[in-house]
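# Reading the structure
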Amino acid sequence: MASGFDKLKVEFIDQDESVQVVAETIRSSGEIPDRYIRPEMEADSVIIDTDDYNLPVIDMSRLINPEFSEEEIAKLGSACEDWGFFQLVNHGVDGELLRQIKDDITEFFRLPLQEKMSVAIPPNGLQGFGHHFVFSKEQKLDWVDLLFLSTRPVEDRSTDFWPTKPPTFRDSLDKYSLEIANVSAKLFMFMAINLGVDEEALLAAFKPEQPQSVRINHYPRCSQADKVLGLSPHTDGVGMTLLLQVNDAQGLQIRKDGRWFAVKNLPGALVVNVGDVLEILTNGKYKSIEHRAVINPDRDRITLAAFQSVPLSCTVGPLQELLMKGEARYKTVDGVEFTKGYFAAKLEGRRYLESLKLGSVNVSG
Ligand SMILES: O=C(O)CCC(=O)C(=O)O
Ligand SMILES: [Fe+2]
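Residues numbered from 1 in each chain as written. Chains lettered and ligands numbered in written order. Predicted model: local features only at pLDDT ≥ 70, side-chain atom pairs only at ≥ 80, totals over all residues. Heavy atoms only, no water.

Inclusion rule: UniProt positions are given in the numbering used here, feature names are shortened, and annotations may be inferred rather than shown by experiment.
As annotated in an unreviewed UniProt entry, the chain carries the name Fe2OG dioxygenase domain-containing protein and comes from Oryza punctata. Under the UniProt heading Sequence similarities (unreviewed entry), the note attached to the chain is "Belongs to the iron/ascorbate-dependent oxidoreductase family."

Shown next as structure tokens:
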């Protein structure tokens, strides 16, 4: 059945070169194709390993425990306001399922290219294996092969793009998708409490479908890792993103106070971030923060980003309950306009969020 994505017309240039193949070729020749070279990388300063800059850690077992809930909800609120990112521990996702999905994803990316191409992104399509957002011959390319799939609502899945190898892949992703939908629903509820609005108010913005998609990223190692970029700086045009580190290689960086900060993997945690929609719904209280992925010289990295997005039938604007306390800082637009605007701006390297701000108030981090 057709997914919500099919209602959005996007035109991309076909790009059948796999980064994995490029990476293997340059291992012998040492030559990185110019399209992957990012001169801007040299100018950026990155902070690593300083104790002042640890992402907040939020504990789901404390959020749901009446004894600690109030304290943990306050911490959650500060994390969303000050960082727009946090590490979620004790999230309750079944350990055996996590092991299985990590194995399945790793095995999928190990398949010969020809096998992976059986679920390749078709011309002008969004779902499947390959590159995302290739819209001009001049555009710099990200050092990543990815598998993008719409996972919820279940009846909107385009299963043609769901790998059948390894055989457990579909079942693991199906189960994981449900677990993540439940975790994010709980987080939206605790965030609503923190914001002082009705408990269901945030979740309601994502109903009835509570759409979810996943972007499974495979970043091959690169001998000249400091010259390429796994994922260009961006914000997520969704409600919330929950990132699973499939192996323990590092690579996520977030922009804080004008500098790039390397996120240290916390074993077992999900990295959660506020998306553009949540920034708008909260009228700028929670921040959607720019982030990117860098490449390692000696290790491949694999991640799974699960995006909780808004239905195309909804409206995206500051919550009415919050507007009783202050003026709207963002325009309200419908779901189709929002999603099209996000994709169009992204193709031009702009942040769509900026264009939705009202007046000159600058509320971004
Ligand atoms: O792989 C990562 O570390 C970041 C992924 C991400 O930001 C995304 O897929 O939107
Ligand atoms: Fe992202």
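## Section: the overall build of the chain
Cut-off, in case you're wondering: Numbering of helices and strands runs from the N terminus; a helix is a DSSP stretch of H or I covering at least four residues, while a strand is a stretch of E covering at least two. The contact rule is simple, with two residues in contact once any of their heavy atoms fall within 4.5 Å. For accessible areas, the Shrake-Rupley method is used with a probe of radius 1.4 Å. Any residue's cover is judged against the shown protein chains and nothing else.
Looking only at helices and strands, one finds eleven helices and 15 strands in the chain. A separation threshold of at least 6 residues defines the contact pool for the chain, and within that pool the share at least 24 residues apart is 78%. By element, 50% of the accessible surface of the chain is carried by carbon and sulfur atoms, the whole surface being about 16,000 Å².

## Describing the site of ligand 1
Here is the rule: It suffices for a single heavy atom of a residue to lie within 4 Å of a molecule or strand for the residue to be listed as near it. Whenever a nitrogen or oxygen atom comes within 3.5 Å of another N or O atom, the pair is scored as a polar contact, on the condition that within protein one atom can donate a hydrogen and the other can accept it, and that pairs from neighbouring residues in sequence are kept only if both atoms are in side chains. In this count, Pro and Cys sit with the nonpolar residues alongside Ala, Val, Leu, Ile, Met, Phe, Trp and Tyr, while Asp, Glu, Lys and Arg are called charged and the others, Gly among them, polar.
Around ligand 1, the structure places 13 residues, and the nearest of them are Tyr 219, His 234, His 291, Arg 301 and Thr 303. A distance of 2.6 Å separates an oxygen atom of ligand 1 from a polar atom in the side chain of Tyr 219. Protein chains shield 97% of the accessible area of ligand 1, which is 290 Å² for the free molecule. Contributions of two or more residues to the shell around ligand 1 are made by strand 6 (212-219), strand 7 (231-234) and strand 13 (301-308). Per-element accounting of the shell around ligand 1 gives the leading share, four residues, to strand 13. Residue composition of the shell around ligand 1, by class: six nonpolar, four polar and three charged.

## Things to note about the side chain of Asn 296
Formally: Burial status follows relative accessibility: with a 1.4 Å probe on protein chains alone, a residue under 20% of its type maximum counts as buried, one over 50% as exposed, and anything between as partly exposed.
Its place among the elements puts Asn 296 in the loop between strand 12 (291-293) and strand 13. The exposure class of Asn 296 is buried, given its relative accessible area of 16%. For Asn 296, the side chain forms a polar contact with the main-chain oxygen of Gln 250, separated by 2.9 Å. Those residues in contact with Asn 296, other than ones at most four positions away along the chain, are Arg 221, Cys 222, Ala 225, Ala 249, Gln 250 and Arg 301.

## Overview of the environment of Tyr 219
Mapped onto the secondary structure, Tyr 219 falls in strand 6. Distance from Tyr 219 to Lys 285, taken between C-alpha atoms, is 33 Å for residues 66 residues apart in sequence. Once residues within four sequence positions are removed from consideration, Tyr 219 is found in contact with Trp 143, Val 144, Gly 230, Leu 231, Ala 293, Ile 295, Arg 299, Asp 300, Arg 301 and Thr 303.

## What about the packing of aromatic side chains?
Applicable threshold: Stacked, tilted and edge-to-face are the three classes assigned to paired rings of Phe, Tyr and Trp, where Trp is represented by its six-membered ring and a pair needs centres within 6.5 Å; plane angles under 30 degrees give stacked, over 60 edge-to-face, the rest tilted. Two conditions define a charge sitting above a ring: the NZ of Lys or the CZ of Arg must be within 6 Å of the ring centre, and it must be within 35 degrees of the ring normal.
Taken as a whole and judged by the stated rule, the model has eight aromatic pairs. Pairing Phe 108 with Phe 109 gives two aromatic rings, centres 5.2 Å apart and planes at 70°, and the pair type is edge-to-face. Accessibility classification places Phe 108 together with Phe 109 in one group, the buried group. One aromatic cluster is present, built from ring pairs that chain together Phe 108, Phe 109, Phe 129 and Phe 169. Note that Lys 256 overlies the ring of Trp 83, its terminal NZ or CZ placed 4.6 Å from the centroid. Between Arg 292 and the ring centre of Trp 260, over which it is positioned, the NZ or CZ distance is 4.2 Å.

## Some points on the coordination of the iron ion (ligand 2)
Which entries qualify depends on this criterion: Donor selection uses N, O and S atoms within 2.8 Å of the metal (3.2 Å for Na, K and Ca). Since no water is included, sites may look incomplete.
Coordination of the iron ion (ligand 2) by the protein involves His 234 (NE2), Asp 236 (OD) and His 291 (NE2), with metal-donor separations of 2.1 to 2.3 Å. Here the donor residues for the iron ion (ligand 2) map to a single chain with the spacing H-x1-D-x54-H. Remark: His 291 occurs in strand 12 and His 234 occurs in strand 7; sequence separation between them is 57 residues. Owing to a relative accessible area of 6%, His 291 belongs among the buried residues under this scheme.

## Description of the packing of helix 3 (residues 69-82) against helix 6 (residues 169-195)
Short version of the rule: Helix axes use the C-alpha atoms of the stretch in contact, all axes being lines fitted to C-alpha atoms, and the angles between their N-to-C directions lie in the range 0 to 180 degrees. For classification purposes, angles smaller than 35 degrees are called roughly parallel, those larger than 145 roughly antiparallel, those between 65 and 115 roughly perpendicular, and all remaining angles oblique.
The interhelical angle for the contact between helix 3 and helix 6, taken along N-to-C directions, is 90°, at an axis separation of 9 Å. Of the possible angle classes, the one that applies to helix 3 and helix 6 is roughly perpendicular. Contacts between helix 3 and helix 6 involve Ser 69, Ile 73, Ala 74, Leu 76, Gly 77 and Cys 80 from the former and Leu 187, Phe 190, Met 191, Ile 193 and Asn 194 from the latter.

## With respect to the sheet that holds strand 13
The following threshold applies: One bridge is not enough; two strands pair if DSSP finds at least two bridges between them.
Pairing is mixed in the open sheet, where eight strands are placed in the order 2-3-11-8-13-6-5-4. Of all the strands in the sheet, the pair left with one neighbour each is strand 2 (57-59) and strand 4 (128-130). The sheet shows a mean angle of 25° between the axes of neighbouring strands, direction not considered. Pairing geometry for strand 8 (residues 240-245) and strand 11 (residues 270-274), over four bridges, is antiparallel. If you follow Leu 243 over to strand 11, its bridge partner there is Val 271. The strands touched by helix 3 are strand 2, strand 3 (85-89) and strand 11; relative to strand 2, the strand with the most contacts, the crossing angle is about 145°. Against the sheet, helix 6 makes contact with strand 3, strand 5 (145-152), strand 6, strand 8, strand 11 and strand 13, and its axis sits at roughly 130° relative to strand 8, the strand it touches most.

## Observations regarding the nonpolar core
This is how it is decided: Nine residue types can take part in a nonpolar core, namely buried Ala, Val, Leu, Ile, Met, Phe, Trp, Tyr and Cys, and a core is a set of them joined through side-chain atoms within 4.5 Å.
Residues Phe 86, Tyr 176, Leu 187, Met 191 and Leu 304 are the most contacted members of the largest nonpolar core, which totals 71 residues. Ranked by the residues each element gives to this core, the list is headed by helix 6, at twelve residues. When neighbours within four sequence positions are excluded, Leu 304 is seen to be in contact with Ile 101, Ile 105, Tyr 176, Val 214, Arg 215, Ile 216, Leu 242, Leu 243, Leu 244 and Val 246. By size, the runner-up hydrophobic cluster in this structure holds 34 residues, among which are Phe 85, Phe 148, Val 238 and Ala 305.

## A few points about the UniProt feature "domain: Fe2OG dioxygenase" (unreviewed entry) in the chain
Within the UniProt annotation, "domain: Fe2OG dioxygenase" (unreviewed entry) is assigned to residues 210-311. For residues 210-311, the helix share is 6%, the strand share is 42%, and the end-to-end C-alpha distance is 7 Å.

## Description of helix 3
Under the convention used in this document: Residue count minus one, scaled by 1.5 Å, sets the expected span of a helix. Here the arc refers to the directions that run from the helix axis out to each C-beta atom.
For helix 3, built from 14 residues, the straight-helix expectation of 20 Å at 1.5 Å per residue is met to within 8% by its first-to-last C-alpha distance of 20 Å. Those residues of helix 3 lying buried are Ser 69, Glu 72, Ile 73, Leu 76, Gly 77, Ala 79 and Cys 80. Considered in projection along helix 3, the buried side chains sweep an arc of 160° and stay on one side of the axis. In helix 3, the exposed residues that point more than 90 degrees away from the buried face are Glu 70 and Glu 71. Looking at the buried residues of helix 3, the elements they touch are strand 2, helix 2 (60-63), strand 3, helix 6 and strand 11. Following helix 3 by one or two positions, Gly 84 adopts a phi angle in the positive range, close to 70°.

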